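Breakdown of the fold
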Amino acid sequence: MTPQERKRALQAFHRALQDRPLDPADADDARRYVRELHVSRREAGLEIDPVARLAAQIERETGSRVWLFTGNIGSGKSTELRRLRQSLRESPEYLVFLTDAADYINLNQKIEIGDFLISVTAAFAEQAGHLLEDDVVARGYWERIVDFLSNTAIEIREMSVGAGAEANVPGIARFSFKGDLKAALIRDPVVKQRIQAHLRGHLAALAEDLELFRGQILDRLRGKYGDDIKVVLVIDSLERLRGSGEASDDVFSSVRAMFSQYPDMLRLADLQTVYSVAPYLIKLAPHLAGVFGAGTLCHLTTAHVFQARSREPDAEGVAIIRKIVTRRYGQWEELISAEALDQVIEASGGDLRDLFRMLSILLLELEFSTNVEAALRYTLNQIRRDMTWITTGHLERLRHLATAKAPRLESDADMDALVHDLETKRVLMYRNGEDWYDVHPLLREQVERPLPGSAAGGG
């Protein structure tokens with residue numbers, strides 16, 4: 001292989017690792033998809049496919065139901081939700097709408113049930129409008145929301161929400177629908193906070209109005225597709241609802257409060273709704289599965305690249321990850337050895353997003369060097385450097401977790417630290433028959449190094 005051919009191959013490998021959800025309904029994506037990633041086998045060879053089981057449960061139900069879909073960051077949830085959609089769509093009686101919460105919600109700000117219901121209904125209206133080939137559905141929805149806010153005298157100044165109309169808010173200057181209320185809810189924290197504060201006193205009226213609007217859309221869908229049609233609304237990416245810095249705990253607490261306090265409002269009449277939520281929401285509010293009904297939880301975990309409660313590689317799990325890479329770029333062995341790929345797989349801890357990031361950095365370095373071992377060492381050091389700013393007190397927590405394979409949860413501070421560590425992937429959660437935890441492989445050396453002045457360190 002000439003230097004130019006090698007460079008083109010490295011770049012092609014990098015492009016094949018694009019971090020995006022796969023849609024098994026797409027022929028090219030279907031060729032890349034590896035179903036075994038989230039299928040486990042138990043006694044007597046019983047195959048456990050959590051997504052297939054969720055699809056089967058949805059098909060058995062009628063009316064309003066809530067399903068919680070969860071998994072670690074980087075576990076492939078968005079891809080699996082698309083497989084769920086494809087599975088349900090194989091039956092002509094199902095309409096499945098899948099939307100990304102990030103298109104309607106600022107994932108770095110506190111959420112409340114009022115603005116959440118507005119955003120979820122907006123997603124439903126826009127998706128249904130596309131299917132009905134009627135863009136007036138969504139536009140009419142936002143005009144309806146402005147009317148609701150105006151009629152309840154919310155104080156919004158010079159805010160616009162659509163096109164071609166005007167409205168008066170009592171006691172406030174007239175504003176025209178020239179902008180986008182949807183965008184304001186996402187990008188303008190002041191507007192969002194005002195709306196949240198106002199809606200706290202009008203939740204019942206808001207929920208009733210939104211239910212009426214969704215019912216009108218459902219009537220139109222049934223008129224087009226038949227009275228027996230069943231509609232499923234999938235809300236992806238809610239697990240990404242988190243702030244930054246000091247705000248992160250407040251944002252996550254707002255999600256926990258919303259699901260805990262308003263389960264009835266989260267059940268959308270005549271819809272089966274799938275919410276993709278963070279796994280520790282279930283840990284912190286274990287009653288939710290009972291509130292929403294038995295069997296409502298579908299849980300994906302980080303790929304099993306280690307044996308249970310161990311750091312010994314799991315050969316089957318590593319082989320599955322290698323298969324994922326091969327499906328994306330079958331000629332990888334022309335560029336890196338199997339041993340080098342396995343080192344990257346183990347260093348990622350089974351996190352697909354980290355795996356693709358590590359490989360992409362490695363491939364860039366290999367454009368400048370043919371020394372794979374040195375390039376891999378440099379790559380892992382680069383990523384490790386971003387993870388190692390940890391206080392002494394936090395190191396003690398991580399050291400306990402690394403030894404016990406379970407977190408220390410003696411106080412709210414411990415719980416907050418665990419949530420943050422899972423978010424930042426300093427800690428990975430696995431489920432090989434049972435839940436267990438370990439620090440990220442790239443942090444092991446720092447976590448297990450004796451602290452200065454400790455007896456182990458000779459101080």
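Here's what I pulled together on the structure shown here. These numbers come from a predicted model, not from an experiment.

A short note on the overall build of the protein
A count of helices and strands for the protein gives 20 helices and 11 strands. For the protein, the proportion of its 459 residues judged to be buried stands at 53%. Excluding contacts between residues fewer than 6 apart, the proportion of contacts in the protein whose partners are at least 24 apart in sequence is 70%. Accessible surface for the protein amounts to roughly 21,300 Å². Of this, 47% is attributable to carbon and sulfur atoms.

What about helix α17 (residues 372–385)?
Here α17 spans 20 Å end to end across 14 residues, near enough to the 20 Å set by a 1.5 Å rise per residue. Where α17 is concerned, the buried positions are Val372, Ala375, Leu376, Thr379, Leu380 and Ile383. All buried residues of α17 fall inside an arc of 130 degrees around its axis, so they share one side. On its buried face, α17 sits against α15 (338–348) and α16 (352–365). Sitting at the amino-terminal end of α17 is Asn371, which places a side-chain oxygen 3.3 Å from the backbone nitrogen of Glu373.

Brief notes about the packing of aromatic side chains
All chains considered together, the criterion is met by nine aromatic pairs. An angle of 50 degrees between the planes, with centres 5.7 Å apart, marks the rings of Phe97 and Phe124 as tilted. Taken as a pair, Phe97 in strand β4 (residues 94–100) and Phe124 in helix α5 (residues 113–132) lie far apart in primary sequence, 27 residues in all. Each of the two residues, Phe97 as well as Phe124, counts as buried. The interplanar angle of 65 degrees and the centroid separation of 5.3 Å between the aromatic rings of Tyr141 and Trp142 together place this pair among those described as edge-to-face. You can call Trp142 buried: its relative accessible area is 8%. Each member of the aromatic cluster is reached from another via a ring pair, and the members are Phe116, Phe259 and Tyr275. The ring centre of Trp67 lies 4.5 Å from the NZ or CZ of Arg65, which sits over that ring. The ring of Phe306 is capped by Arg444, whose NZ or CZ atom sits 4.9 Å from the centre of that ring.

A look at the packing of helix α6 (residues 136–151) against helix α9 (residues 203–225)
Between α6 and α9, whose axes approach to 12 Å, the crossing angle comes to 160 degrees. One way to sum up the angle between α6 and α9 is to call them roughly antiparallel. By crossing handedness, the relation of α6 to α9 is classed as right-handed. Each of Val137, Tyr141, Arg144, Ile145 and Phe148 in α6 lies in contact with α9, whose residues at this interface are Ala205, Leu206, Asp209, Leu210, Leu212, Phe213, Gln216, Ile217 and Arg220.

With respect to the pattern of salt bridges
If the charged atoms of two oppositely charged side chains come close together, the side chains can form a pair. Under the criterion given, the structure shown has 35 salt bridges. Across the pair Glu112 and Arg200 runs a salt bridge whose closest N-O atoms are separated by 2.6 Å. Pair noted here: Glu112 is in the loop between β4 and α5 and Arg200 is in the loop between α8 (189–199) and α9, with a separation of 88 residues, a long-range link. In this structure, Lys405 and Asp438 form a salt bridge, with 3.9 Å as the shortest nitrogen-oxygen distance. Linking Lys405 in the loop between α18 (392–404) and α19 (412–424) with Asp438 in strand β11 (residues 435–439), this pair joins segments that are 33 residues apart in sequence. According to the relative accessible area criterion, Lys405 is buried, its value standing at 10%. For Asp438, a relative accessible area of 2% corresponds to the buried category.

Focus on the packing of α15 against α16
Look at α15 against α16: their axes get within 9 Å of each other, and the N-to-C directions meet at 135 degrees. On the basis of the axis angle, α15 is oblique to α16. Seen along the crossing, α15 lies across α16 with a hand that is right-handed. Contacts between α15 and α16 involve Leu341, Val344, Ile345, Ala347 and Ser348 from the first element and Asp354, Leu355, Met358, Leu359 and Leu362 from the second. Of the residues belonging to the contact of α15 with α16, the class tally is eight nonpolar, one polar and one charged.

Considering unusual backbone geometry
In this structure, Asp270 takes a positive phi of about 65 degrees despite not being glycine. In this structure, Asp270 sits in the loop between α11 (263–266) and β8 (272–277). Overall, the relative accessible area of 44% leaves Asp270 in the partly exposed class. Phi is positive for Arg309, close to 50 degrees, though the residue is something other than glycine. Mapped onto the elements of the fold, Arg309 is located in the loop between β9 (297–300) and α14 (315–328).

Digging into the side chain of Gln272
Inspection of the secondary structure puts Gln272 in strand β8. Take Gln272: its relative accessible area is 3%, and that puts it in the buried class. Looking at Gln272, its side chain comes within polar contact range of the main-chain oxygen of Glu61, at 3.3 Å. Here Trp67 takes part through its side chain, which lies 2.9 Å from a polar atom of the side chain of Gln272. When near neighbours in sequence (up to four residues on either side) are disregarded, Gln272 contacts Ile58, Glu61, Thr62, Gly63, Arg65, Trp67, Tyr94, Val231, Val232 and Leu233.

Comments concerning the environment of Val136
Among the secondary structure elements, Val136 is positioned in helix α6. On a C-alpha basis, the gap between Val136 and Glu126 in space is 9.3 Å, while along the polypeptide they are 10 residues apart.

Some remarks on the sheet that holds β9
Taken together, five strands build an open sheet; the order of strands is β4-β7-β8-β3-β9 and the sheet is parallel. Two strands lie at the open edges of the sheet, namely β4 and β9, each paired on one side alone. Strand after strand, the sheet turns through a mean of 15 degrees between neighbouring axes, direction not considered. With seven bridges joining them, β4 and strand β7 (residues 230–236) adopt parallel strand pairing.

What counts, and at which threshold
- Residues numbered from 1 in each chain as written.
- Predicted model: local features only at pLDDT ≥ 70, side-chain atom pairs only at ≥ 80, totals over all residues.
- Heavy atoms only, no water.
- Helix = DSSP H or I, 4+ residues; strand = E, 2+ residues; numbered from the N terminus.
- Buried < 20%, exposed > 50% of the residue type's maximum accessible area, 1.4 Å probe, protein only.
- Contact = heavy atoms within 4.5 Å.
- Areas by Shrake-Rupley, 256 points an atom, 1.4 Å probe, with all protein chains shown as cover.
- Expected span 1.5 Å × (residues − 1).
- Arc of directions from axis to C-beta.
- Polar contact = N/O pair within 3.5 Å; in protein donor to acceptor, adjacent residues only side chain to side chain.
- Phe/Tyr/Trp six-rings, centres within 6.5 Å; stacked < 30°, edge-to-face > 60°.
- Lys NZ or Arg CZ within 6 Å of the ring centre and 35° of its normal.
- Axes fitted to C-alpha atoms, helices over the stretch in contact; angles between N-to-C directions.
- Parallel < 35°, antiparallel > 145°, perpendicular 65-115°, else oblique.
- Left-handed = near helix turned anticlockwise from the far one by under 90°.
- Salt bridge = Lys/Arg side-chain N within 4 Å of Asp/Glu carboxyl O.
- Nonpolar A, V, L, I, M, F, W, Y, C, P; charged D, E, K, R; others polar.
- Pairing = 2+ DSSP bridges.

Remember that the coordinates give geometry; whether it matters functionally is a separate question.
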